[in-house]
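In case you want the letters, here they are:
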Amino acid sequence: MIIPRLNLYLLVITTVTGLLSSPSKSLRFELESGHTKCIAEDIKSNSMTVGKYSIVNPHDSQPMPESHKLTVRVTSSYGNSYHYSERVESGQFAFTAAEAGDYMACFWAVDHKPNATLTVDFDWKTGVAAKDWSNVAKKGSVDVMEMELKKLYDTVISIQEEMNYLREREDEMQDLNTSTNVKMAWLSFLSISVCLSVAGLQVWHLKTFFQKKKLI
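Parameters and conventions
- Residues numbered from 1 in each chain as written.
- Predicted model: local features only at pLDDT ≥ 70, side-chain atom pairs only at ≥ 80, totals over all residues.
- Heavy atoms only, no water.
- Helix = DSSP H or I, 4+ residues; strand = E, 2+ residues; numbered from the N terminus.
- Contact = heavy atoms within 4.5 Å.
- UniProt positions renumbered as here; feature names shortened; annotations may be inferred.
- Disulfide = S-S within 2.5 Å.
- Buried < 20%, exposed > 50% of the residue type's maximum accessible area, 1.4 Å probe, protein only.
- pLDDT = per-residue confidence, 0-100.
- Polar contact = N/O pair within 3.5 Å; in protein donor to acceptor, adjacent residues only side chain to side chain.
- Patch = residues over 30% accessible without salt bridge, like charges linked within 9 Å, V, L, I, M, F, W, Y side chains within 5 Å.
- Areas by Shrake-Rupley, 256 points an atom, 1.4 Å probe, with all protein chains shown as cover.
- Salt bridge = Lys/Arg side-chain N within 4 Å of Asp/Glu carboxyl O.

## Some points on the overall build of the protein chain
Then, in step 1: The secondary structure content of the protein chain amounts to 3 helices and 8 strands.
Then, in step 2: Scanning the protein chain from its N terminus toward the C terminus, one meets helices and strands in the order α-β-β-β-β-β-β-β-β-α-α.
Then, in step 3: Considering only intrachain contacts with a sequence separation of at least 6, the fraction spanning at least 24 residues in the protein chain is 72%.

Here is the structure:
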């Protein structure tokens, strides 16, 4: 009885940790005509990311106003473009990040007179949260338990990759700190050398001056 109960506890802990480690950003924001809003998401390399966006119709019973159009671009921290749509009411994007870093989704509201305020729904998922598990279940003809096990397995893999990524970042920071400390040590040595040289020159100058005045 102890081993099954322990396995159950481990499954619960793994599930909770997986939910916390699977980034999912869903928000609603307002954007005025002619203005821009950018949203950033830190994504590690080889991670799947999916985003959906749409303008909320201010009048449900009527067509979307002509002023309610968006231009959307998604870029990496290196400037590479992964998605671009111009003058749309809604859209979506999906890609696997080729490089780690901050990815930026920027929304431009079409310039319109008089000014209009757009309400935008934006849902951005990365990692395990980005996978469509309903399609996985349909394609694989698996039952609920098998699908949950697949979720847990992918979650564990995602956590392991995240830990490896954090270790790499930690190593990079340690290398940076070491390099900075070495540079500061050389700078301190150079500063002390300059100060001693200036002090020596001042002593030599004063000694020469007093000798010329025959004071010593």
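## Quick word on the UniProt feature "transmembrane region" (unreviewed entry) in the protein chain
Then, in step 1: Per the UniProt entry, the sites bearing "transmembrane region" (unreviewed entry) are residues 184-204 in this numbering.
Then, in step 2: In residues 184-204, the share of helix is 100% and the share of strand is 0%. The end C-alpha atoms are 30 Å apart.

## Observations concerning the state of the cysteines
Then, in step 1: Here the structure, examined in full by the defined rule, presents 1 disulfide.
Then, in step 2: The disulfide bridge from Cys38 ends at Cys106, spanning 2.0 Å between sulfur atoms. On the sign convention where negative means left-handed, the S-S torsion of about 110 degrees between Cys38 and Cys106 marks this disulfide as right-handed. Taken as a pair, Cys38 in strand E2 (residues 36-43) and Cys106 in strand E7 (residues 101-109) lie far apart in primary sequence, 68 residues in all.
Then, in step 3: Residue class for Cys38 comes out partly exposed when judged on its relative accessible area of 40%.
Then, in step 4: Of the residues examined, Cys106 reaches a relative accessible area of 11% and is grouped as buried.

## Regarding the confidence of the model for the protein chain
Then, in step 1: Scored by pLDDT, the protein chain comes out at a mean of 81, with 79% of its residues at no less than 70.
Then, in step 2: Least confident of the elements in the protein chain is helix H1 (residues 2-21), whose mean pLDDT is 44; most confident is strand E4 (residues 70-75), at 96.
Then, in step 3: Note that residues 1-22 has pLDDT below 50 and, in this model, 11 contacts with residues that lie over four places away or in other chains.

## Things to note about unusual backbone geometry
Then, in step 1: Cis geometry marks the peptide bond from Lys113 to Pro114, where omega comes out at -5 degrees.
Then, in step 2: Locating Pro114 in the fold gives a position in the loop between E7 and strand E8 (117-126).
Then, in step 3: Here the phi dihedral of Asn46 falls at roughly 65 degrees; this positive angle occurs in a residue that is not glycine.
Then, in step 4: Assignment of secondary structure puts Asn46 in the loop between E2 and strand E3 (48-55).
Then, in step 5: For Asn46, a relative accessible area of 62% corresponds to the exposed category.

## Some details on the side chain of Ser85
Then, in step 1: You can see Ser85 is positioned in strand E5 (residues 81-88).
Then, in step 2: On the accessibility criterion, Ser85 (16% relative accessible area) is buried.
Then, in step 3: Within polar-contact distance, the side chain of Ser85 engages the side chain of Tyr53 at 3.4 Å.
Then, in step 4: Here His83 takes part through its side chain, which lies 3.3 Å from a polar atom of the side chain of Ser85.

## Considering a nonpolar patch on the surface
Then, in step 1: Together, Met184, Leu187, Leu190, Val194 and Val198 make up a nonpolar patch on the protein surface, roughly 440 Å² of accessible area in all.
Then, in step 2: Relative to the elements of secondary structure, Val194 occurs in helix H3 (residues 144-212).

## Points about the pattern of salt bridges
Then, in step 1: Per the counting criterion, the structure on display carries 3 salt bridges.
Then, in step 2: Its salt-bridge partner being Asp121, residue Arg28 comes within 2.6 Å of it at the nearest N-O pair. One end of the pair, Arg28, is in strand E1 (residues 24-32); the other, Asp121, is in strand E8, and 93 residues separate them in sequence.
Then, in step 3: Its relative accessible area of 25% is what places Asp121 among the partly exposed residues.
Then, in step 4: In this structure, the salt-bridge partner of Glu89 is Lys69, at a minimum N-O distance of 3.1 Å. Taken together, the residues Glu89 in the loop between E5 and strand E6 (90-96) and Lys69 in the loop between E3 and E4 connect sequence positions 20 residues apart.
Then, in step 5: The class of Lys69 is buried, set by a relative accessible area of 14%.

## Observations regarding the environment of Pro58
Then, in step 1: By the secondary structure assignment, Pro58 is in the loop between E3 and E4.
Then, in step 2: A relative accessible area of 45% places Pro58 in the partly exposed class.
Then, in step 3: Sequence spacing of Pro58 and Thr117 is 59 residues, and the spatial spacing of their C-alpha atoms is 9.6 Å.
Then, in step 4: When residues no more than four places from it in sequence are discounted, the contact partners of Pro58 are Met64, Pro65 and His68.

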